[in-house]
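Residue strings, one per chain:
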Amino acid sequence: MTEGLRERKKRQTRQRISEVAIGLFVERGFDNVTIAEVAAAAEVSVNTVYNYFPAKEDLVLPPEEASPHRLADIVRERAPGESAAGAVLARLRREVRGRERQVGLTAGFGRVLEMMRAAPTLTARLEALGSQMTDALAELLAEETGAPKDDPLPRVVAWHLGSLHALVLSEIGRRTAAGERPGTIASAVLELLDAAESVLGERVLAYAVRGERPCSG
């Protein structure tokens, strides 16, 4: 669908506000910048900022990018014949190879990471987000496999995949903070994913394989 003029202007305004805010946060610290200062620097009203970003933390961790349903969505969209773990591993590899924003491999992320680590409300949101991702994935796995309510397996598999996701982000963060280049980090993280896959075990790797979709018509 072609983006209309109104939608494009809204997207551009949202992007400008986010970029201006992150620039100010990196320069002065997250807790030292007010929403009013962000609005003034972006040349919009305070209400406009809140219309796009209901909470200050959303300026750094927008819900559409830092979603508690990220892992569940990856698994939900997997292809026929692909397991839950296979889908998560494939997505992470693709994002790492592409040096994508979702895994923090874009240029300049090191300073953004330092800013985030220095802000208690942002680190708390990241911790909560990890738990929410695991919970949402466990719920999806239980639903798709028809597991009994007291079956711990969906939760255990979700924990493994959630821990893997957290490990990847933690490794990228550690290496970024150490000053390594994105290309070097990507190579190391791909090796980490290979190692993780080798120790996950068949029970996890083969869990929740999607069946063939019925033909329509």
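Residues numbered from 1 in each chain as written. Predicted model: local features only at pLDDT ≥ 70, side-chain atom pairs only at ≥ 80, totals over all residues. Heavy atoms only, no water.

(A) Geometry of the overall build of the chain. A tally of regular secondary structure across the chain gives 10 helices and 0 strands. Each helix and strand of the chain, placed in order from N terminus to C terminus, yields the pattern α-α-α-α-α-α-α-α-α-α. Projected onto its principal axes, the C-alpha coordinates of the chain cover approximately 55 × 45 × 35 Å. In the chain, the share of contacts with a sequence separation of at least 24, taken over all contacts with a separation of at least 6, comes to 71%. For the chain, the exposed area adds up to about 12,200 Å²; of that, 52% sits on carbon and sulfur atoms. Counting 29 positive and 31 negative side-chain charges, the chain places the centres of these two groups 4 Å from one another. (Helix = DSSP H or I, 4+ residues; strand = E, 2+ residues; numbered from the N terminus. Contact = heavy atoms within 4.5 Å. Areas by Shrake-Rupley, 256 points an atom, 1.4 Å probe, with all protein chains shown as cover. Lys, Arg positive; Asp, Glu negative; His and termini not counted. Charge placed at Lys NZ, Arg CZ, Asp CG, Glu CD.)

(B) Region of interest: unusual backbone geometry. Here Glu-43, not a glycine, exhibits a phi torsion of approximately 60 degrees, which is positive. Mapped onto the elements, Glu-43 comes out in the loop between helix H2 (35-42) and helix H3 (46-52). Residue Ala-208 is not a glycine yet carries a positive backbone phi of 60 degrees. Checked against the element boundaries, Ala-208 lands in the segment after helix H10 (202-205).

(C) Geometry of the nonpolar core. In this structure, Ile-17, Phe-25 and Leu-141 are the most contacted members of the largest nonpolar core, which totals 64 residues. When near neighbours in sequence (up to four residues on either side) are disregarded, Phe-25 contacts Phe-30, Val-33, Val-38, Lys-56, Leu-59, Val-60 and Met-115. (Core = buried A, V, L, I, M, F, W, Y, C linked by side-chain atoms within 4.5 Å. Buried < 20%, exposed > 50% of the residue type's maximum accessible area, 1.4 Å probe, protein only.)

(D) Inspection of the layout of surface pockets at higher detail. In this model, the largest pocket occupies a volume close to 1,300 Å³. Along the wall of the largest pocket there are 44 residues; nearest its centre are Leu-61, Gln-102, Phe-109, Met-116 and Leu-126. Of all the elements in the fold, those that place two or more residues in the lining of the largest pocket are helix H1 (5-28), helix H4 (70-76), helix H6 (109-117), helix H7 (120-145) and helix H8 (153-177). For the lining of the largest pocket, the element with the highest residue contribution is H8, accounting for 9 residues. Considering only residue class, the lining of the largest pocket consists of 20 nonpolar, 15 polar and 9 charged. (1 Å grid on protein atoms, 1.4 Å probe; cavity = no way out; pocket = protein on both sides within 12 Å on 5 of 7 lines; lining within 4 Å. Points joined across faces, edges and corners; volume = space filled by probe spheres on them. Nonpolar A, V, L, I, M, F, W, Y, C, P; charged D, E, K, R; others polar.)

(E) Structural context of the packing of aromatic side chains. For the structure shown, the criterion picks out 1 aromatic pair. Above the ring of Phe-30, the side-chain terminus of Lys-56 is found at 4.5 Å from the ring centroid. (Phe/Tyr/Trp six-rings, centres within 6.5 Å; stacked < 30°, edge-to-face > 60°. Lys NZ or Arg CZ within 6 Å of the ring centre and 35° of its normal.)

(F) Spotlight on the environment of Ile-17. Within the secondary structure layout, Ile-17 lies in helix H1. Linking Ile-17 and Val-44, residues 27 residues apart in sequence, is a C-alpha distance of 8.3 Å. Filtering out sequence-adjacent residues up to four positions away, Ile-17 remains in contact with Val-38, Ala-42, Val-44, Thr-48, Val-49, Tyr-52, Phe-53 and Leu-59.

(G) Spatial organisation of the side chain of Thr-134. The residue Thr-134 is located in helix H7 in this model. Thr-134 sits in the buried class, given a relative accessible area of 9%. Other than its neighbours up to four places away in sequence, Thr-134 contacts Arg-155, Ala-158, Trp-159 and Gly-162.

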